[in-house]
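As a plain string of letters, each chain reads:
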Amino acid sequence: MGKRIGLLGGTFDPVHIGHLRSALEVADTLGLQELRLIPNARPPHRDTPQVSAQERLAMVQCAVAGIAPLVVDDRELKRDKPSYTIDTLEQTRAELAADDQLFLLLGWDAFCALPTWHRWEELLQHCHILVLQRPDADSEPPDALRNLLAARSVSDPQALTGPSGNIAFVWQTPLAVSATQIRQLLASGKSVRFLVPDAVLAYIDAHGLYRASN
Ligand code: ATP
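A brief structural summary. Only a predicted model underlies this, so the values are computations on that prediction, with no experimental measurement involved.

## Some remarks on helix α1 (residues 17-30)
It helps to recall that an α-helix has 3.6 residues per turn; residues three or four apart then point in one direction.
Link 1 in the chain: The end-to-end C-alpha distance of α1, which contains 14 residues, comes to 20 Å, matching closely the 20 Å that a straight helix rising 1.5 Å per residue would cover.
Link 2 in the chain: For α1, every residue scored as buried is listed here: G18, H19, L20, S22, A23, V26, A27 and L30.
Link 3 in the chain: One or two positions beyond α1, positive phi appears at G31, with a value near 65°.

This is the structure we're talking about:
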């Protein structure tokens, strides 16, 4: 049987325990051998002032060091412009064995916006999609996704077979943490201890990131 690999993209500005718990829970539920956190490149004007892509990457590296099966994949930062997910999937797929299973993790909001993505109808040729949904949500998918869901969704994520092609929902209660909240706390001189791993906090402090004086 092939390997089972998950992909979670994000800005990670900075990475926090919400991302990490969610990733770890999915990896446990699905029995993933690897869950790759992929920091997204952003146009330079959209980077947080004083926090570079390399620093966002370094924080994710600090966060997951030694925490299998979480790993960092820096391929999108190696390109000098924002990447399309389809490019990342094609590149990743080309490096894997034909029977390896690839799972793209998407929050419900991102999933609903799928029809706006570049070559979105090809995504499922390369991966399964795991939609992270909160148990209390009662959202309706957009019309453009109804047919796709009817054709491709399976109710039990653990029953996903084959390397790609299906959609499953993973129900989890997200921790009430966001990178926005963390940036605001730091900018107002408050502590973010316990919202980010200690190693990330040490990196933020050592480099004076997100502080108003920067
Ligand atoms: P910001 O507050 O800057 O918008 P964010 O905290 O939402 O950032 P992102 O880097 O944009 O972080 O998120 C990457 C992925 O992690 C997204 O799919 C997002 O839905 C998910 N995510 C963000 N916060 C949480 C959380 N608390 N629990 C679970 N997943 C989360």
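## Some words on the packing of aromatic side chains
Link 1 in the chain: Taken as a whole and judged by the stated rule, the model has four aromatic pairs.
Link 2 in the chain: Relative to F111, the ring of W108 lies with its centre 6.0 Å away and its plane at 40°, an arrangement referred to as tilted. In this pair, W108 and F111 are both assigned in helix α5 (residues 108-112), three residues apart and thus about one turn of the helix distant.
Link 3 in the chain: Residue W108 is classed as buried on the basis of its relative accessible area, which comes to 10%.

## Quick notes on the site of the ligand
Link 1 in the chain: Within the structure, the ligand sits among 15 residues, and H16, H19, L175, A179 and T180 are positioned closest to it.
Link 2 in the chain: H16 places a polar side-chain atom, nitrogen or oxygen, 2.8 Å from an oxygen atom of the ligand.
Link 3 in the chain: Within the backbone of L175, an N or O atom sits 2.8 Å from a nitrogen atom of the ligand.
Link 4 in the chain: In isolation the ligand offers 600 Å² of accessible surface; the protein chains occlude 70% of this area.
Link 5 in the chain: Taken together, the elements giving at least two residues each to the shell around the ligand come down to β1 (4-10), α1 and α7 (179-187).
Link 6 in the chain: For the shell around the ligand, a count of residues per class yields five nonpolar, nine polar and one charged.

Cut-offs and rules
- Residues numbered from 1 in each chain as written.
- Predicted model: local features only at pLDDT ≥ 70, side-chain atom pairs only at ≥ 80, totals over all residues.
- Heavy atoms only, no water.
- Helix = DSSP H or I, 4+ residues; strand = E, 2+ residues; numbered from the N terminus.
- Expected span 1.5 Å × (residues − 1).
- Buried < 20%, exposed > 50% of the residue type's maximum accessible area, 1.4 Å probe, protein only.
- Phe/Tyr/Trp six-rings, centres within 6.5 Å; stacked < 30°, edge-to-face > 60°.
- Near = heavy atom within 4 Å.
- Polar contact = N/O pair within 3.5 Å; in protein donor to acceptor, adjacent residues only side chain to side chain.
- Areas by Shrake-Rupley, 256 points an atom, 1.4 Å probe, with all protein chains shown as cover.
- Nonpolar A, V, L, I, M, F, W, Y, C, P; charged D, E, K, R; others polar.

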